[in-house]
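For reference, the chains in residue letters:
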Amino acid sequence: IPKAVLILKDCAENSIEVVSIVDNNYPHLLRLINDPPPILYLKGNTNLLPKAIAVIGTRKSNNLGNNIAYKVGEYFSKNWSICNGLVDGIDKHSILKENKIFDNVIGVISGGLNFNETSSLITRELCEKVLKNNGLLISENEPNKKEDRFSGSKASRIQAGLSNALILIQSDINGGSKYTLKSFAKTERPLGIINFKENKEYQNDDIFSANRLILEKGIEGIAEMCEIKKITEIRTKSIIPISKKSDYLTIEKEITAGNTVYN
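A quick note: this is a predicted structure, and the numbers were derived from the prediction, not measured.

## Remarks on the overall build of the chain
Logical step 1: The secondary structure content of the chain amounts to twelve helices and eleven strands.
Logical step 2: Taking 263 residues into account, the globule formula puts the C-alpha radius of gyration at 18 Å, and the chain, at 17 Å, falls close to it.
Logical step 3: The C-alpha extent of the chain, read off along each of the three principal axes, is 60 × 40 × 35 Å.
Logical step 4: Residues counted as buried form 54% of the 263 residues belonging to the chain.
Logical step 5: Contacts in the chain between residues far apart in sequence, at least 24 positions, make up 72% of those at least 6 positions apart.
Logical step 6: As presented, the chain carries roughly 12600 Å² of accessible surface, and 48% of it is formed by carbon and sulfur atoms.
Logical step 7: Averaged over its 35 positive side-chain charges, the chain has a centre that lies 1 Å from the centre of its 31 negative ones.

Rendered as structure tokens:
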């Protein structure tokens, strides 16, 4: 109890909201995953939560992946909330334009929300920009808990759980994106996969191997990448190849048709 009192005091002093899973304002979609965090710490604009879309990919992105991430982020940030882990690579490039953060960004970070003490340099920089542009930061960890080698994969399930849809920009089969995708695949929500099949780099580079695998094998590809033993655990509503801007509309229609957005 004394420790809890100190944590709540720290939260109050740093404008951090604490929400438990029994509270009415706990995000409805997050509550639906297998292992929702019992406590959430939030800082910033919580009005962004209902329209979250996860945009994910490798930290070791190349120019093609970065350009795609930018276009996807620019589009969906206008009417939705871009949700990612605020790390280097695809995450960063899906929320930045000329070093300025897009509107409507949700960052799910693996350390506590006193990020200047708990997070890596790139995450700290992105957190500052998100808050300055009326965005939202979320963590399941108490404010001063530092990120570690396991906290990133744990945080990925929160990102997946919060999101009405997920878009995979660029990843190899063994990339860290599999952790977010594994949680997301067990929800009945649409999955978008970047598909540039006419591009030689896309067709041949290992950095797009996860994209190709899922588009070729569908649910079986998700199971292979995410090491899901039972196909029946995968409940993905639809797998949508994204190769042009009009495909974004398909994602939006799938969300709306399924009444996924939580009020």
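## Quick notes on the packing of helix 10 (residues 209-217) against helix 11 (residues 219-226)
Logical step 1: Two elements in contact, helix 10 and helix 11, have axes whose closest approach is 5 Å; the angle formed by their N-to-C orientations is 140 degrees. Considered as vectors, helix 10 and helix 11 are oriented oblique to each other. Side by side, helix 10 and helix 11 meet where Ala210, Leu213, Ile214 and Lys217 of the first sit next to Ile219, Glu220, Gly221, Ile222, Glu224 and Met225 of the second.
Logical step 2: Classifying every residue of the contact of helix 10 with helix 11 by side-chain character gives six nonpolar, one polar and three charged.

## A look at a nonpolar patch on the surface
Logical step 1: On the surface, Leu8, Val18 and Ile39 cluster together into a nonpolar patch covering about 210 Å² of accessible area.
Logical step 2: Classification of Ile39 by relative accessible area gives partly exposed; the value is 31%.

## Some remarks on helix 8 (residues 177-184)
Residue pairs three or four apart in sequence face the same way in an α-helix, which turns once every 3.6 residues.
Logical step 1: The element helix 8 is largely enclosed, with a buried count of six among its eight residues.
Logical step 2: Among all positions of helix 8, only Ser177, Lys178, Thr180, Leu181, Ser183 and Phe184 are buried.

## Observations regarding the side chain of Thr187
Logical step 1: Positionally, Thr187 belongs in the loop between helix 8 and strand 10 (190-194).
Logical step 2: For Thr187, a relative accessible area of 6% corresponds to the buried category.
Logical step 3: Separated by 2.7 Å, the side chain of Thr187 and the backbone oxygen of Phe184 make a polar contact.
Logical step 4: For Thr187, the contacting residues outside a window of four places in its chain are Ile33, Arg235, Thr236 and Lys237.

## Concerning the sheet that holds strand 2 (residues 39-44)
Pairing between the strands of a sheet is mediated by backbone hydrogen bonds and can be parallel or antiparallel.
Logical step 1: Ordered in space as 1-2-8-7-4-3-9-10-11, the nine strands form an open sheet in which the pairing is mixed. With partners counted over all chains shown, the strands left at the sheet margins are strand 1 (17-20) and strand 11 (238-242), one partner each. Going across the sheet, the axis of each strand differs from the next one's by a mean of 25 degrees, ignoring polarity.
Logical step 2: Where strand 1 lies against strand 2, four bridges are found, and the strand directions are antiparallel. Note on strand 2: the bridge partner recorded for Val18 is Tyr41.

## Quick notes on the environment of Ser183
Logical step 1: Here Ser183 shows up in helix 8.
Logical step 2: We classify Ser183 as buried; its relative accessible area is 18%.
Logical step 3: Considered as a pair, Ser183 and Ala223 are 40 residues apart in the sequence and their alpha carbons are 11 Å apart.
Logical step 4: Not counting residues within four places of it along the chain, the set of residues in contact with Ser183 comprises Arg157 and Ala160.

## What about the pairing of strand 10?
Along a regular strand, successive side chains alternate from one face of the sheet to the other.
Logical step 1: Burial analysis of strand 10 places five of its five residues in the buried class, which makes it a mostly covered element.
Logical step 2: Burial along strand 10 is two-sided: Pro190, Gly192 and Ile194 facing one way and Leu191 and Ile193 facing the other are all buried.
Logical step 3: Relative to strand 10, strand 9 (residues 165-170) runs parallel, the two being bridged by three bridges. Bridging from a neighbouring strand, Ile167 pairs with Gly192 of strand 10.
Logical step 4: The pairing of strand 10 with strand 11 spans five bridges and is classified as parallel. Bridging from a neighbouring strand, Ile193 pairs with Pro241 of strand 11.

## What about the packing of aromatic side chains?
Logical step 1: For the structure on display, the rule yields five aromatic pairs.
Logical step 2: Ring centres of Tyr75 and Phe76 lie 4.9 Å apart, and the angle between their planes is 80 degrees; on these two criteria the pair is classed as edge-to-face. Here Tyr75 matches Phe76 in class, with each residue buried.
Logical step 3: Between Phe76 and Tyr248, the aromatic rings sit 5.3 Å apart at their centres with planes inclined by 55 degrees, giving tilted as the arrangement. Of this pair, Phe76 sits in helix 3 (residues 63-76) while Tyr248 sits in helix 12 (residues 246-257); the two residues are 172 residues apart in sequence, bridging distant segments of the chain.
Logical step 4: In this structure Tyr248 comes out as buried when scored by relative accessible area, which is 8%.
Logical step 5: Three or more aromatic residues link up through ring pairs in this structure, and these residues are Tyr75, Phe76 and Tyr248.

Cut-offs used in this document
Residues numbered from 1 in each chain as written. Predicted model: local features only at pLDDT ≥ 70, side-chain atom pairs only at ≥ 80, totals over all residues. Heavy atoms only, no water. Helix = DSSP H or I, 4+ residues; strand = E, 2+ residues; numbered from the N terminus. Rg over C-alpha atoms; globule rule 2.2 N^0.38 Å. Buried < 20%, exposed > 50% of the residue type's maximum accessible area, 1.4 Å probe, protein only. Contact = heavy atoms within 4.5 Å. Areas by Shrake-Rupley, 256 points an atom, 1.4 Å probe, with all protein chains shown as cover. Lys, Arg positive; Asp, Glu negative; His and termini not counted. Charge placed at Lys NZ, Arg CZ, Asp CG, Glu CD. Axes fitted to C-alpha atoms, helices over the stretch in contact; angles between N-to-C directions. Parallel < 35°, antiparallel > 145°, perpendicular 65-115°, else oblique. Nonpolar A, V, L, I, M, F, W, Y, C, P; charged D, E, K, R; others polar. Patch = residues over 30% accessible without salt bridge, like charges linked within 9 Å, V, L, I, M, F, W, Y side chains within 5 Å. Salt bridge = Lys/Arg side-chain N within 4 Å of Asp/Glu carboxyl O. Polar contact = N/O pair within 3.5 Å; in protein donor to acceptor, adjacent residues only side chain to side chain. Pairing = 2+ DSSP bridges. Phe/Tyr/Trp six-rings, centres within 6.5 Å; stacked < 30°, edge-to-face > 60°.

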